[in-house]
Amino acid sequence: MSGILKNQAGLSPKAQYELTKRFDPASDNYGHGKTLDAKRSVLHPDLKTIPHQPQVQVIGNGYYDEYEGLKNITLKHPHHAKFHKDKIPEADDLDATRFFRWHMDAALYALNPPKVTSLMAVKVPAGRRQTVRYDDGTGDELDVALGTTAFVSGQNMYDILSEEDKKFVREAKIEYAAHPYVWMSPAKSRSDGLGMISEGLELPESDLPPINPKDIKVLPMCFKNPVTGKLALQIHPSAAKAIHLPNGEVMTDIKEVRDLVHRLQRPGIAPEFVYPHDWEEGDLVLFNNQGVLHTVVGAFTPEEKRLFRQCNMASSEGVMGPDDKLY
């Protein structure tokens with residue numbers, strides 16, 4: 001599902017791009033296209049594009065005079081208080097944290113989900129640890145290093161379902177919102193980072209950029225690994241808008257959609273199934289973006305510096321469903 005290459009501090013953005021592209025040689029455009037340019041997108045504050053290698057983005061925390069052609073940049077690590085409805089009390093904020101937003105890297109409108117994402121640790125903050133709180137009534141918690149990236153297996157998420165649910169997710173599809181990261185921008189997330197709370201705050205279509213109906217993505221709930229043939233429950237919970245049911249009906253009540261997706265996915269993010277990577281400078285992680293969900297984690301002080309490079313490219317072909325068709 002993923003791999004870690006140590007001691008890669010000398011890897012240039014160009015080399016990172018070329019390595020990531022090896023997994024899909026016909027791909028070339030950044031996985032979100034130009035959607036980062038939309039000021040209202042929930043992604044806009046978190047990523048900065050390397051001018052000479054536009055498929056590679058910079059993420060992190062702290063001020064930098066210059067990095068790879070970017071001048072006088074201030075990076076802000078995504079803090080759950082910006083995105084979650086309920087917040088950890090300020091007194092606990094540096095000791096406790098949340099999963100920010102579980103996702104796969106994908107525009108989910110017009111472009112195909114990337115096959116592989118690479119993450120390169122350039123600058124990693126020193127060693128304090130934090131406790132991830134799920135704050136969903138379960139009491140679940142997870143001890144993590146500051147600034148970890150947390151990963152879960154979509155394949156495991158599928159494997160632990162009941163037989164009845166496995167049949168359902170093999171046959172159902174998710175319809176994603178048009179321009180999903182703008183659409184969701186006024187709404188707030190659940191405390192476990194696994195999807196949104198339904199309060200009717202999403203933007204109406206009239207407030208979104210122009211929509212081409214052909215670009216709306218309806219993707220299988222399960223993606224098939226074309227090499228192993230194994231299925232992964234692979235849903236971006238925050239961007240889901242409707243469920244195309246096996247019987248041909250479409251579930252459009254957004255709260256029902258979200259509650260069903262959450263019920264299916266929540267077992268797979270239990271603490272025992274989460275891999276929180278303890279980053280070291282020079283770590284290069286490559287992961288199967290069509291079989292893994294991940295999230296940033298952590299609460300930083302302004303002085304704690306973190307700088308990472310992320311690279312992925314919109315796939316040159318659709319994702320493979322359980323029926324071996326490309327979507």
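Please refer to the structure higher up on the page.
Here goes a summary of the coordinates provided. (Residues numbered from 1 in each chain as written. Predicted model: local features only at pLDDT ≥ 70, side-chain atom pairs only at ≥ 80, totals over all residues. Heavy atoms only, no water.)

**Thoughts on the pairing of strand 17 (residues 284–288)**
Here is the rule: Partly exposed describes any residue whose relative accessible area lies between the buried limit of under 20% and the exposed limit of over 50%, with all areas from a 1.4 Å probe on protein chains only and scaled to the type maximum. What counts as a helix is a DSSP run of H or I of at least four residues, what counts as a strand is a run of E of at least two, and both are numbered from the N terminus. Here, any two strands with at least 2 DSSP bridges between them count as paired.
Within strand 17, four of the five residues are buried, which leaves the element mostly enclosed by the surrounding structure. Where strand 1 (residues 2–5) and strand 17 come together, four bridges link them in antiparallel fashion. Residue pairing for strand 17: S2 is matched across the bridge by F287. Examined bridge by bridge, strand 6 (residues 116–123) and strand 17 share five bridges and lie antiparallel to one another. Paired with L119 across the two strands is V285, which belongs to strand 17.

**A few points about the pairing of strand 3 (residues 56–67)**
Of all 12 residues making up strand 3, nine are buried, and the element is well covered by its neighbours. Summarising the sheet, strand 2 (residues 48–49) and strand 3 pair through two bridges and their orientation is antiparallel. Its bridge partner lying in strand 3, T49 is registered against Q57. As judged from the five bridges shared by strand 3 and strand 4 (residues 70–75), these two strands associate in the antiparallel manner. Following the sheet pairing, Y67 is matched in strand 4 by L70. Following strand 3, the chain reverses through two residues before pairing antiparallel with strand 4; E68 in that reversal takes a positive phi of roughly 50°.

**A short note on the sheet that holds strand 9 (residues 149–153)**
Heads up, the condition is: Interaxial angle, 0 to 180 degrees, is taken between N-to-C directions of lines fitted to C-alpha atoms, where a helix line uses only the stretch in contact.
If you walk across this open sheet you meet the three strands as 16-9-18, and the pairing is antiparallel. Each edge of the sheet is formed by a strand with only one pairing partner; in this case those strands are strand 16 (275–277) and strand 18 (292–296). Each strand axis lies, on average, 25° off the axis of its neighbour in the sheet, ignoring direction. Bridge count between strand 9 and strand 18: five bridges; the pairing is antiparallel. Note on strand 18: the bridge partner recorded for T149 is V296.

**What about the packing of aromatic side chains?**
So the rule is basically this: Geometry of aromatic contacts follows a simple scheme: Phe, Tyr and Trp rings, the Trp one being its six-membered ring, pair when their centres are within 6.5 Å, and the pair is stacked under 30 degrees between planes, edge-to-face over 60, tilted otherwise. Distance and angle both matter: a charge sits over a ring if NZ of Lys or CZ of Arg is within 6 Å of the ring centre and within 35 degrees of the ring normal.
One pass over the structure, following the stated rule, counts six aromatic pairs. Plain terms: the ring middles of F99 and Y134 are 5.1 Å apart, the flat faces sit at 90° to each other, and that makes the pair edge-to-face. Placement of the pair is F99 in the loop between strand 5 (96–97) and strand 6 and Y134 in the loop between strand 7 (129–133) and strand 8 (141–145), with a sequence separation of 35 residues. Under the relative-accessibility criterion, F99 is labelled buried at 1%. A ring pair is formed by W279 and F308, whose centres lie 4.7 Å apart and whose planes are at 90°; its orientation type is edge-to-face. Placement of the pair is W279 in the loop between strand 16 and strand 17 and F308 in strand 19 (residues 306–312), with a sequence separation of 29 residues. On the basis of relative accessible area, W279 is assigned to the buried category, the value being 6%. On the accessibility criterion, F308 (1% relative accessible area) is buried. Put simply, the rings of F99, W102 and Y134 touch in pairs and so form one group of aromatic residues. Above the face of the F83 ring, R101 is positioned so that its terminal group lies 4.5 Å from the ring centre. Cation over ring: K305 sits above Y64, and NZ or CZ is 4.2 Å from the ring centre.

**Comments concerning the side chain of R190**
Rule in force here: N or O atoms within 3.5 Å of each other form a polar contact, as long as, within protein, one can give a hydrogen and the other can take it, and as long as residues adjacent in sequence are counted only when both atoms are side-chain atoms. We call two residues in contact when some of their heavy atoms are within 4.5 Å.
By the secondary structure assignment, R190 is in the loop between helix 5 (180–183) and strand 11 (218–220). One polar contact links R190 to D259, side chain to side chain, over a distance of 2.9 Å. Leaving out residues up to four positions away in the same chain, R190 has contacts with H84, G195, M196, I197, R258, D259 and H262.

**Re unusual backbone geometry**
For N72, which is not a glycine, the phi torsion comes out positive at approximately 50°. The exposure class assigned to N72 is exposed, which follows from its relative accessible area of 53%. Phi is positive for H179, close to 45°, though the residue is something other than glycine. Relative to the assigned elements, H179 resides in the loop between strand 10 (173–176) and helix 5. On the basis of relative accessibility, which here comes to 15%, the residue H179 falls in the buried class.

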